[in-house]
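Reading the structure
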Amino acid sequence: MLEKLQAKLGDKVLETHSHVGDDTALVAPAVWHEACLFLRDDSALDFDLFVDLCAVDYPQHTDGRFEVVLHLYSTTKRHRIRLKTRVGDEEGEHADLDSVVDVWSGANWFERETFDMMGVIFRGHPDLRRILMYPEFQGHPLRKDYPAQLTQPLVAYRTEEDAGMILDKIAPFGGDEGMAFGRKWFDPPGASPGTGNKGGGAS
Amino acid sequence: MTATTTKVLEGSEQGFATTKLDSLLGWARKYSLFNYPFVTACCGMEFMAVSSPRYDFARFGAEAPRFSPRQSDLLWVVGTISQRQAPILRRIYEQMMEPRWVMAFGTCASCGGFYDNYTTVPGLDKIIPCDVYVPGCPPRPEAVFDGLLLIQDKIASGVRKVSVVKPRQDPATDLVQINTPKKRTKP
């Protein structure tokens, strides 16, 4: 499979591996649409089922911050492939990629989700709107630089003046919001909350 | 559990009865609650158990679901409230007629639960007033009944103090504690 893809696209296939039987190819974003069409239309490959499309944020990558991952399955040949590409610079700008909705129409909502969560813009998508978050939402929440504590309420929270009462949480919802395994409880001294830095770890 | 029957009618064995209007109204209201179930998440399964014949909250007079907030007395907020749903919940509450009561069913509705992130309202009391909180993930039907009886007590007595169903047992005591260097003592 990967050999056929490499024979078709040449050096536009940047990396391949078949670790534990998962055929994976990393292609250049310029040939993303072409690769998808080839995978669908080649009679020996025949990837007729779109499975999943998502993106992963790697802020440390210099050759494209967002890795867009596409999973495909062939119901006739019963094989799978994973296709990846990298888009966007370190600031998350210019994360443009060709839409594959015209190849598999099932990709529509997945591309919308990827746009919503990561801010990858799919060129040629028929209706690229947010799908999970509301239109008023600013930014893209699954980016690594989205602040973990930042919420954007649509309804202003009640204040104690409005309510005419003290709005402190009552037991058992105080402190860690009733959850013994909450974030605050796990952060040892020296950890900065929300950054994933757990401090010194277990000693 | 507190007593849920207060004596409303005095002297009825002599063939006439005296009471206060508020007591009579409270007595009538507490056994004819019309529910508005605002069911958004997995606690809905437990709500179905509570409302179906095995546990059957119709026994407490809270039988009729009204899918119009204008006709309902008790708003059951069952499940996680996302930021996107917050305006809807607020609007439904505003459409309800006075007197109205709100029950937070489950940990997510009460405080957001473990959804400590950008999507979730950390408790419905951030948006609307709440009368009774029922903790649990999800709460047992018995805990829900405790909450319903608390609501009935509040209706009968006219007290609008916020109250919580007391958990029978703190689930945190059963957790296997991992990654807690603060609390670990060397043998």
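Criteria and cut-off values
- Residues numbered from 1 in each chain as written.
- Chains lettered and ligands numbered in written order.
- Predicted model: local features only at pLDDT ≥ 70, side-chain atom pairs only at ≥ 80, totals over all residues.
- pLDDT = per-residue confidence, 0-100.
- Helix = DSSP H or I, 4+ residues; strand = E, 2+ residues; numbered from the N terminus.
- Contact = placed C-beta atoms within 7 Å.
- Buried ≥ 20, exposed ≤ 12 C-beta atoms within 10 Å, placed from the backbone.
- Arc of directions from axis to C-beta.
- Axes fitted to C-alpha atoms, helices over the stretch in contact; angles between N-to-C directions.
- Parallel < 35°, antiparallel > 145°, perpendicular 65-115°, else oblique.
- Left-handed = near helix turned anticlockwise from the far one by under 90°.
- Nonpolar A, V, L, I, M, F, W, Y, C, P; charged D, E, K, R; others polar.
- Pairing = 2+ DSSP bridges.

**Concerning the confidence of the model for chain A**
All names here are of chain A. Chain-level statistics for chain A give a pLDDT mean of 82 and a share of 82% at 70 or above. When pLDDT is averaged over each helix and strand of chain A, the minimum, 44, is found for helix α5 (residues 183–186) and the maximum, 95, for strand β4 (residues 66–73). For residues 182–203, every residue scores under 50 in pLDDT, and the model assigns this stretch 29 contacts once sequence neighbours within four places are set aside.

**Regarding helix α2 (residues 32–41) of chain A**
Residue and element names in this part refer to chain A. Among the residues of α2, Trp32, Ala35, Cys36 and Leu39 are the ones counted as buried. For α2, the buried positions fall inside an angular range of 100° around the axis, keeping them on one side. Packing partners of the buried residues in α2 comprise α1 (2–9), β2 (24–27), β4, β5 (80–87) and β6 (96–98).

**Looking at the packing of helix α1 (residues 21–30) of chain B against helix α5 (residues 141–157) of chain B**
All names here are of chain B. Contact geometry for α1 and α5: axes closest at 7 Å, N-to-C directions at 155°. For the element pair α1 / α5, the angle class is roughly antiparallel. When you trace α1 past α5, the crossing you get is right-handed. Across from Gly26, Trp27, Arg29 and Lys30 in α1, the residues of α5 making contact are Gln152, Ile155 and Ala156. Taken together, the residues of the contact of α1 with α5 break down into three nonpolar, two polar and two charged.

**Quick word on the pairing of β5 of chain A**
Residues and elements named next belong to chain A. Strand direction decides the pairing type here: β2 and β5, joined by three bridges, are parallel. Residue pairing for β5: Thr24 is matched across the bridge by Arg82. Inspection of the sheet shows β4 paired to β5 by eight bridges, in the antiparallel sense. The residue bridging Glu67 from the neighbouring strand is Arg86, located in β5. Here β4 folds back onto β5, and the loop between the two strands holds six residues, one of which, Arg78, carries a positive phi near 55°.

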